[in-house]
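Here are the chains, one letter per residue:
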Amino acid sequence: MVNLNPIRMKSWDSSNIGLWLKDSLGDPSQVTLDGENLKYPQLVCQYIGMSLDEDEYFSILHTQVNESSGKLSILTGVLNKEISPEKLRALNQLFDMHRKEKGLSPNRMVAFLDGYSLLPNLKDLGLNRRIRTVLIDLLKKLQNSYTEGTLHHEFRRITTDLVKWIFNHVEPVLEKINFEQGLPAFLWYGSATPSEKWFLTYLADFGLHVVIFNPSDESWPKSLLAIADDLSFRLPKVSQDIKPLPDEMPKIAGTVAFKATQEINELLHHEDSGLYKPFQFKAYSINSIRLKTTEDEAFLISKERAMIRPHFQVSNRQVTIPVVFAKLLGIDKNRKRFWNNVHSLTERDDTQVIRQFPFTKEQKTNQLFHYRDALKADGMLDPEKMKAANWWTYDKLPLGTQTVIGETIAKHVSEPILIRQSNETLEDLQLYAFAQSMVLPDFVIRLLQTFDYPQFVPTIFIYNEENGPELSRTDANALCMMHHLGLDIVIVNPKGHLDIEKWVQEGTFDIHWMDDRSFNDPFKEPSVVQKIFKKFL
């Protein structure tokens, strides 16, 4: 019989854990065996962040595993939730009793788990007892983490998963453990579900070694596993973009020049630097916020780079883009100033001028099945489900652009800024917004693909002379999408009439009443002299 007395290590060699684990009981100055009591150093540590070179990072991870000679095994993605029908029935009976009793205490819960044969029964009585005592202490921590205690809805799921994983992962290790060769260790990479976090806590509390690779610097390893700062090795950068863990060590390596370039990029082109590489944030999400402007500012700000506008920000893989969304009712008495302002926008390559309506085609097919198929459990659209569907219309675009469009559709549909029409329910409105957003005009896709978020913001300039059909509801829906996608929108109705107001909620865009009304001011193209002059600027 063996009674484990692990002593958490206070220092470690982060480059050498694989070799250390091979002989973790080999230092007589730290390991003592007094009768049946084994006192030994236990390693519970984490690597925070990532290397500048991702392949180098995964090489570090796999090197530790390979050098441990089987002592360090990867748990990420391999946790086995299989359980026999008999054990599952016993668990259901136990939790029925748990509900009727208004919540069993952790001690009684473990006693009943033992009585229902839901915990391993090892030959070594010391290890057998430790399985149960550690589980009691862990369930007490879990109980104290919820206001509702053991009646919290997660308690049953976590306890059930713990039972499965103790059988499937802890029992096999303990049955073949050889204390002369050291205790086993488990490696976890990336994020974890609540059940996974508590199982890793159980392993650490039991006395097994636990190594966490934490690329996004999540807080749970420190709080749940009590990993001290001295047992946290920080790598150069924190990454929210968690790549899948490769099955084996990468077979490529960066050159000295490549690594130097990565270091320079990290130093000079990080999110807060203001020195951005072209299209550095193309895979980032977009959060557009409307700037409240005067009529003059609507033209001035539209010509400014996004990164020098008020409230521009890049953080947590999201770019906040301050945008203009303004409607000018009427026209400026000073025509020269007005047309100079207009031409300063419309002569740019990233401005789309719209003068005829509708500029979109209404989608009349019923999209209800597609819409409901793309919903998550919380009722929100899932961009990943949309991207994977065979009806997704943007599948030829780069993945980052597809994700941005999918997230924008989800946001637009969740809280539509379109006005609900008579007898239209909220779901009807959401379904309409979803269907019409599935086919954006080609010019929107073109502008979005050439849009480098911190730089100049593409502009949609609408000059509504009312010489034909009116601006339609599908046009208004497209404009709402463009606004959410971070594009500037300036609308001029020289007669001072309503158009977009019929379809889009008040307060969504700025209204500017100009000092003149014009019923005979067609759109004025820039003069030849202006065009020639522009070429020399």
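Residues numbered from 1 in each chain as written. Predicted model: local features only at pLDDT ≥ 70, side-chain atom pairs only at ≥ 80, totals over all residues. Heavy atoms only, no water.

**So, the pairing of strand E16 (residues 510-513)**
Every second residue of E16 is oriented toward a common face, the buried set being Asp 510 and His 512 and the non-buried set Ile 511 and Trp 513. Pairing of strand E12 (residues 325-329) with E16, which is carried by 4 bridges, proceeds in the parallel orientation. Of the residues in E16, the one forming a bridge with Leu 328 is His 512. (Buried < 20%, exposed > 50% of the residue type's maximum accessible area, 1.4 Å probe, protein only. Helix = DSSP H or I, 4+ residues; strand = E, 2+ residues; numbered from the N terminus. Pairing = 2+ DSSP bridges.)

**Here we look at the packing of helix H5 (residues 125-144) against helix H6 (residues 153-175)**
For any two helices packed against each other, the geometry is given by the interaxial angle and the distance between the axes. Closest axis-to-axis distance for the H5/H6 pair is 12 Å, and the angle between their directions is 155°. The orientation of H5 with respect to H6, classified from their angle, is roughly antiparallel. Taken as a pair, H5 and H6 cross one another with a handedness that is right-handed. Facing H5, whose interface residues are Leu 127, Ile 131, Leu 135, Leu 138, Leu 139 and Leu 142, H6 presents Phe 155, Ile 158, Thr 159, Leu 162, Ile 166 and Leu 174. Grouping the amino acids of the contact of H5 with H6 by side-chain chemistry returns 11 nonpolar, 1 polar and no charged. (Axes fitted to C-alpha atoms, helices over the stretch in contact; angles between N-to-C directions. Parallel < 35°, antiparallel > 145°, perpendicular 65-115°, else oblique. Left-handed = near helix turned anticlockwise from the far one by under 90°. Contact = heavy atoms within 4.5 Å. Nonpolar A, V, L, I, M, F, W, Y, C, P; charged D, E, K, R; others polar.)

**What about the pairing of strand E3 (residues 37-42)?**
Inspection of the sheet shows strand E1 (residues 3-8) paired to E3 by 6 bridges, in the parallel sense. By the bridge assignment for E3, Asn 3 is matched with Asn 37. Bridging between strand E2 (residues 32-34) and E3 involves 3 bridges; their strand directions are antiparallel. Residue pairing in the sheet places Asp 34 in a bridge with Asn 37 of E3. The antiparallel hairpin formed by E2 and E3 contains 2 residues in its connecting segment, where Gly 35 sits at a positive phi of about 65°.

**Things to note about the packing of aromatic side chains**
For any pair of aromatic rings, the description rests on two quantities: the centre-to-centre distance and the angle between the ring planes. A complete count under the given rule lists 24 aromatic pairs for this structure. Seen from their ring centres, Phe 58 and Tyr 189 are 5.7 Å apart, and the 65° between their planes marks the pair as edge-to-face. Of the two residues, Phe 58 sits in helix H2 (residues 54-67) while Tyr 189 sits in strand E6 (residues 185-189), which places them 131 residues apart along the sequence. Both residues of the pair, Phe 58 and Tyr 189, count as buried. Aromatic pair Tyr 202 and Phe 206: ring centres 6.2 Å apart, planes at 40°, arrangement tilted. With Tyr 202 and Phe 206 both in helix H7 (residues 194-206) and 4 residues apart, the pair spans about one turn of that helix. Residue classification places Tyr 202 among the buried residues on the basis of a relative accessible area of 0%. Residue Phe 206 is classed as buried on the basis of its relative accessible area, which comes to 0%. Aromatic rings pair up to connect Trp 12, Tyr 47, Tyr 57, Phe 58, Tyr 189, Phe 213 and Phe 233 into one cluster. Sitting over the face of the ring of Phe 167, Lys 87 holds its NZ or CZ atom 4.7 Å from the ring centroid. (Phe/Tyr/Trp six-rings, centres within 6.5 Å; stacked < 30°, edge-to-face > 60°. Lys NZ or Arg CZ within 6 Å of the ring centre and 35° of its normal.)

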